[in-house]
Amino acid sequence: TKAKELYQTSLTELSDARKADPENVQLMDAMINIYIKLGKAAEAVPLMQQALDKDPNNKVYHYNLGVLLIGADKLPESIEHFEAAMKIDPSYEIAIQNAGIAQLKWGDKLKSKATADAEDKKAKVDKSYQEHFKAAAVYFEKLIAMKPQQLNYYDLLISAYANGGEIKKAEEAAKKADALRK
């Protein structure tokens, strides 16, 4: 409770300081971090967008906005910002990973809806959600190419393949992961 009060006070002071110096990126970054610590990521999104408007080629700003958008369940938008970060730096590992994770979440969300809809209507499940899992797999394949010993990337890839209906690929990835574990 005390920490929240201090953060809230800090936000007020930072907001006042930004009025006097609206171009100060450090003040904006501090406000974004406090919003996140307070669990108010959605309120940080406009600030991050302002930061990007000032510096559109900043891969970290794109990445951070992507993370905030995942938190706000705006998955397509988050992927756009991870992609923008990767366009600036094609080997930006954390952006690649989070783009894949956003695709997994999007696929999971659509899969749950499709399954529930099919149960309600006693119909066949619409499997168009699999495209998101296949898109996720592309990111994880890239990560494995960059870091072939990273087991968690294999686990993510296996999940993407399996949920994307690519069972043989999932089995092959599982064999490679098992070999690394030995």
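Residues numbered from 1 in each chain as written. Predicted model: local features only at pLDDT ≥ 70, side-chain atom pairs only at ≥ 80, totals over all residues. Heavy atoms only, no water.

Visitor: When you look at the side chain of His 132 in this model, what are you seeing that I'm missing?
Guide: Mapped onto the elements, His 132 comes out in helix α7 (residues 130-146). There is a polar contact of 2.8 Å between the side chain of His 132 and the side chain of Gln 103. Not counting residues within four places of it along the chain, the set of residues in contact with His 132 comprises Gln 103, Trp 106, Gly 107 and Leu 110. (Helix = DSSP H or I, 4+ residues; strand = E, 2+ residues; numbered from the N terminus. Polar contact = N/O pair within 3.5 Å; in protein donor to acceptor, adjacent residues only side chain to side chain. Contact = heavy atoms within 4.5 Å.)

Visitor: Sorry if this is basic, but what is going on with the pattern of salt bridges here?
Guide: Pairing between side chains of opposite charge can happen when their charged atoms approach one another. Scanning all chains against the criterion turns up 10 salt bridges. For the salt bridge of Lys 109 with Asp 73, the shortest nitrogen-to-oxygen distance reads 2.7 Å. In this pair, Lys 109 sits in helix α6 (residues 93-121) while Asp 73 sits in the loop between α4 (59-71) and α5 (75-88), placing the two residues 36 residues apart along the sequence. Looking at Lys 109, the relative accessible area reads 42%, which means it is partly exposed. Since its relative accessible area comes to 42%, Asp 73 is described here as partly exposed. With a closest N to O distance of 3.5 Å, Arg 181 and Asp 178 form a salt bridge. On the criterion of helical spacing, the pair formed by Arg 181 and Asp 178 is a turn pair, its members being 3 residues apart in helix α9 (residues 167-181). (Salt bridge = Lys/Arg side-chain N within 4 Å of Asp/Glu carboxyl O. Buried < 20%, exposed > 50% of the residue type's maximum accessible area, 1.4 Å probe, protein only.)

Visitor: Which parts of the structure should I look at to understand the side chain of Asn 98?
Guide: Locating Asn 98 in the fold gives a position in helix α6. Setting aside anything within four residues of it in sequence, one finds Asn 98 in contact with Tyr 63, Ile 70 and Phe 82.

Visitor: Looking at this model, I keep getting lost on the nonpolar core. Mind explaining?
Guide: Taken as a class, soluble globular proteins show a tendency for nonpolar side chains to be buried jointly. Phe 82, Met 86, Ala 95, Phe 140 and Leu 157 are the most contacted members of the largest nonpolar core, which totals 30 residues. Contributions of two or more residues to this core are made by α4, α5, α6, α7, α8 (151-163) and α9. When residues in this core are grouped by element, the largest group, 7 residues, is from α7. Leave out the neighbours within four places in its chain, and Phe 82 touches Tyr 63, Gly 66, Val 67, Ile 70, Ala 95, Asn 98, Ala 99 and Ala 102. Formed by 19 residues, the second largest nonpolar core is a distinct cluster that contains Met 31, Val 45, Met 48 and Leu 69. (Core = buried A, V, L, I, M, F, W, Y, C linked by side-chain atoms within 4.5 Å.)

Visitor: Just checking my understanding: could you explain helix α1 (residues 2-20) for this structure?
Guide: Three- or four-residue spacings in an α-helix give side chains the same orientation, since the helix completes a turn every 3.6 residues. With 19 residues, α1 extends 28 Å between its outermost C-alpha atoms, agreeing within 8% with the 27 Å of an ideal straight helix rising 1.5 Å per residue. Among all positions in α1, only Leu 11, Leu 14 and Arg 18 are buried. Projection of α1 onto a plane perpendicular to its axis shows the buried side chains occupying an angular sector of 75°, all on one side. Across from the buried face of α1, at angles greater than 90 degrees, the exposed residues are Lys 2, Leu 6, Glu 13, Lys 19 and Ala 20. Residues of α1 that are buried in the fold lie against α2 (25-37) and α3 (41-54). (Expected span 1.5 Å × (residues − 1). Arc of directions from axis to C-beta.)

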